[in-house]
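Reading the structure
Each chain, written out:
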Number of protein chains: 2
Amino acid sequence: MERGNIQSAVDEIRKVCAHTTTEPAELLLYSFDTMKIKRKPDCAVFPESTEEVAAIVKICARHKIPITPRGAGTGCIGGAVPIEGGVALVLTRMKRIINFNPDGLYVEVEPGIVNAELSGFLEKRGFFYPPDPASLKSSTIGGNVATGAGGPSAVKYGVTGDYVMGLTVVPADGSVLDTGIKTDKGVVGYDLKKLFVGSEGTLGIITKIRLKILPKPEAVVTATAVFPERRDAVSAVIAILRKGIRPRTLEYIDRTAIRCVEEYLKAGLPVNAGALLLVETDGKTAEAEKEMNDIKELCLAGGADSFVIAESGEEAEAQWKTRRSISASLNRLRPTKINEDVTVPRNRIAELMERTAEMSERTGLPIINFGHAGDGNIHVNVMTDANDAEEYELALKTVEEILDLTLALDGTLSGEHGVGLAKKPYIAREIGQPGVKISKAIKKALDPDNILNPGKIFP
Amino acid sequence: MERGNIQSAVDEIRKVCAHTTTEPAELLLYSFDTMKIKRKPDCAVFPESTEEVAAIVKICARHKIPITPRGAGTGCIGGAVPIEGGVALVLTRMKRIINFNPDGLYVEVEPGIVNAELSGFLEKRGFFYPPDPASLKSSTIGGNVATGAGGPSAVKYGVTGDYVMGLTVVPADGSVLDTGIKTDKGVVGYDLKKLFVGSEGTLGIITKIRLKILPKPEAVVTATAVFPERRDAVSAVIAILRKGIRPRTLEYIDRTAIRCVEEYLKAGLPVNAGALLLVETDGKTAEAEKEMNDIKELCLAGGADSFVIAESGEEAEAQWKTRRSISASLNRLRPTKINEDVTVPRNRIAELMERTAEMSERTGLPIINFGHAGDGNIHVNVMTDANDAEEYELALKTVEEILDLTLALDGTLSGEHGVGLAKKPYIAREIGQPGVKISKAIKKALDPDNILNPGKIFP
């Protein structure tokens, strides 16, 4: 694709959006996400309205300049990296709650609002927005929608896409599209909103989001089960769900992760356990407690040697601290962590665990598994040192082996992070050539000059 | 679009699919759905495999012959009518259950399987497929997916699209696309499966469907509440949901419908009531009973003068009989029923009711409201006589007024039937010109010669 003159485009953009910068030090801030691949944009723009976004996109369309939208830059797959330069469109100034509609059970927000800020706003008013990615204290709702983010509560409440009722989107021609509904259901025309969810900024810039909200559950009960055998923990996950119980959280933590966290926190964790399950139930108080007792029985019958139900908010917080400290503690194990959010059917989790344990033994690389066992979304972490060329190569080969294993187990390469730069070499292995062909045809139809987040998703 | 020679196409199709007919009497059977617009296809084909479908589509693509896929023909919007002639692709012979996977909580089926047949198969094995369109005893899963069908249980369990994990689709070039996941979540590439759901056969022929299934709830509790005032019934719906209770069913039946059914069934219904609510809860026995008691309290406090919980399966069946007999009984009121499945936010239902009551008074046309109040999906039925030209014109104008009112109330023109021929004149009012433009761009990218169900959805 022949690109136009960036300087002319920047001059025009300055006229429609005062907050535009080409300062190298500032541009550096918008050159990466947590994947750590870096490419500076030529310019960063901070629009404050849909109209400004539309005007900017029109300018870029005329000059055929790439636009890479971004929120807080907490993504894991390089999605927010302006890999072909051009404009970084930073949406963090668009962070208003536009319309809180308790009777309609929805809220309308701008994309730059931080997930936790929205959740806090709703909680104070007796409502609940379930999707809870680990990054929730900094990631934006716009980024959550663009990547289709998940989180621990997905096992019961589903992922971001399940809450998107409507979107305002600026596609590549700079028009403004309102798509979606304000009702629980609707089947008028193609479901365009679902096409934009998870499209990682390649089909349009999301400027307004209407999200379904739920009444806040009366109670949340938290507990931790300790299993001597990893395999029993995985079987318990299946037994719980097979019983028709849908816990709000069903997180798995393997032995290596327990040991890393213990070394980090000195909290007296059971370092000889095979695995922990962190479980939460919610709903009416009596029902949440009843459900947790049912889960307790299933775990104890299934080989757990302890099952501790938190008696207070502080105890629950302490249990969560173990789970939340894993990522930080792993950094002490090896300098580089390659985190794959592969997802397999629940009944294949055990095989995934066995096979990655074998890989770890064979390669000598620590492989730590933890995450959302309830929906089969295990975070498989290969620990290595990117400065040791030989070992790093081995680590990358191991990762590729894990991805192939995942597909062989009927899994998906990404449960909640997306494709971006990280997984585009592998996408065809999952969606096949017909899937790539149709997806590219849609991309081409909507963005013929490939200006929206070019270089992502497709090889 | 220049079409090719149908006779040559038919000759070729006979070679790849033995079950092909051009007998006029047979073709008549595939010329309509419940909307009653008729157009005979030139040929009807009954493929038995994805390979046969792909071969047929390739032939039609080469000859630029229209293909209209259909299941049981129970749709309400003319979607299955081959309005431009060509090939009626009848998928009722592809009705196998391919793979029942209880551990993975999914089932894979061919499109021609009837909804109730699949539900029965699952129920016997302790599982549950929630989407329950009124047509479930005859409509096919393929048709349910193509239209995005709903049903009474949508208020708690969502609609067909919420259960589609994966699809095999033959797009307009005759290739075979496998799209979707076998896991609870996945964000690799665009969500193509969601694009095909509700696309009414215009983007591809669905030949295999992977559906999420749930463990069967232990108990279902059924009850009927009688409200002297219509408005109180609507308020009770909001109060129930606002409390965080999600009944499995929350159906509204207005006074005219009650009276029609009573005349038809002579069941001793409360003909002076303003409205009935038919409510169901499900789950563990104790919880379902507790929830129903909470609902009872809310209804009685909110103006209901009776609330009868069914004590047996027979009593529950009797309560359902009232709801299920509405459509048949309305036919006695006037010869022609125009049924609109408009959907409004729950907090606007009352306005929809008031305003349609005014329209009924003004025009003299009976307008009967019933349906899925829990999700705002009210079936508004304008009763008339299509043979009385003047009155019929008035009815059509009234329908248009109802559609405009629905949009003014933040609603959608169709909650579960779709667009097809019936609502294509109105689609732009809801999705706007940018929505039409983008949808048509996708259609053109995937089906450049417009051979898949041409003449539908878009004006």
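Treat the numbers as computed from the prediction; the structure is a model and nothing was measured.

Quick notes on the rules
- Residues numbered from 1 in each chain as written.
- Chains lettered and ligands numbered in written order.
- Predicted model: local features only at pLDDT ≥ 70, side-chain atom pairs only at ≥ 80, totals over all residues.
- Heavy atoms only, no water.
- Helix = DSSP H or I, 4+ residues; strand = E, 2+ residues; numbered from the N terminus.
- Buried < 20%, exposed > 50% of the residue type's maximum accessible area, 1.4 Å probe, protein only.
- Contact = heavy atoms within 4.5 Å.
- Pairing = 2+ DSSP bridges.
- Axes fitted to C-alpha atoms, helices over the stretch in contact; angles between N-to-C directions.
- pLDDT = per-residue confidence, 0-100.
- Least-squares fit on C-alpha atoms with pLDDT ≥ 70 in both.
- Core = buried A, V, L, I, M, F, W, Y, C linked by side-chain atoms within 4.5 Å.
- Parallel < 35°, antiparallel > 145°, perpendicular 65-115°, else oblique.
- Left-handed = near helix turned anticlockwise from the far one by under 90°.
- Nonpolar A, V, L, I, M, F, W, Y, C, P; charged D, E, K, R; others polar.

Moving on, we get to the environment of Tyr426(A). All names here are of chain A. Of note, Tyr-426 is situated in the loop between helix H14 (389–408) and helix H15 (427–446). Under the relative-accessibility criterion, Tyr-426 is labelled buried at 15%. C-alpha of Tyr-426 to C-alpha of Leu-403: the two residues are 23 residues apart in sequence and 8.3 Å apart in space. Setting aside anything within four residues of it in sequence, one finds Tyr-426 in contact with Glu-400, Leu-403 and Leu-413.

All names here are of chain B. What the five strands build is an open sheet, ordered E5-E6-E10-E8-E9; its pairing is antiparallel. At either margin of the open sheet sits one strand with a lone partner, and together these are strand E5 (97–101) and strand E9 (177–180). With direction set aside, neighbouring strand axes in the sheet form an average angle of 15°. The pairing of E5 with strand E6 (residues 106–109) spans four bridges and is classified as antiparallel. In the strand pairing of E6, Asn-99 is matched with Glu-108. Along the sheet, helix H3 (residues 50–63) makes contact with strand E8 (164–170) and strand E10 (205–212), crossing E8 at roughly 45°.

Attention now goes to the confidence of the model for chain A. On average, residues of chain A score 95 in pLDDT, and 100% of them reach the 70 mark or higher. Complex prediction metrics read pTM 0.95 and ipTM 0.94.

All right, on to the environment of Ala172(A) then. Residue and element names in this part refer to chain A. Within the secondary structure layout, Ala-172 lies in the loop between strand E8 (164–170) and strand E9 (177–180). On a C-alpha basis, the gap between Ala-172 and Ile-451 in space is 7.0 Å, while along the polypeptide they are 279 residues apart. Ala-172 has contacts with Val-57, Ala-61, Leu-203, Leu-446, Asp-447, Ile-451 and Leu-452, leaving out every residue within four places of it along the chain.

Superposition record for chain A on chain B: RMSD 0.0 Å, screw rotation 180°, translation along axis 0.0 Å. Look at the turn and shift together and you get a two-fold axis relating the two. Counting the interface residues of chain A, we find that 99% of their copies in chain B are interface residues as well, pointing to one common contact surface.

Another aspect to go through is the nonpolar core. If you look at the biggest cluster of nonpolar residues, it comprises 168 residues, and the most contacted ones within it are Leu277(A) and Leu211(B). With near-sequence residues (within four places) excluded, Leu277(A) lies in contact with Ala223(A), Thr224(A), Ala225(A), Phe227(A), Ala233(A), Ala236(A), Val237(A), Leu250(A), Glu251(A) and Tyr252(A).

All names here are of chain A. For the pair helix H1 (residues 6–16) and helix H3 (residues 50–63), interaxial distance at closest approach is 10 Å and the crossing angle is 165°. The orientation of H1 with respect to H3, classified from their angle, is roughly antiparallel. Crossing of H1 against H3: the hand is right-handed. For the pair H1 and H3, the contacting residues are Ser-8, Ala-9, Glu-12, Ile-13 and Val-16 in the first and Glu-52, Ala-55, Ile-56, Ile-59, Cys-60, Arg-62 and His-63 in the second. For the contact of H1 with H3, the residue count by class is seven nonpolar, two polar and three charged.

Moving on, we get to the sheet that holds strand E16 (residues 336–340) of chain B. All names here are of chain B. Pairing is antiparallel in the open sheet, where seven strands are placed in the order E15-E12-E14-E13-E17-E18-E16. Looking at the sheet topology across the chains shown, the edges are occupied by strand E15 (306–309) and E16. In this sheet, neighbouring strand axes are inclined to one another by 15° on average, regardless of whether the strands run parallel or antiparallel. Bridge analysis of strand E13 (residues 249–254) against strand E17 (residues 367–372) gives two bridges, and the strand direction is antiparallel. Pairing of Ile-253 across the sheet is with Phe-370, part of E17.

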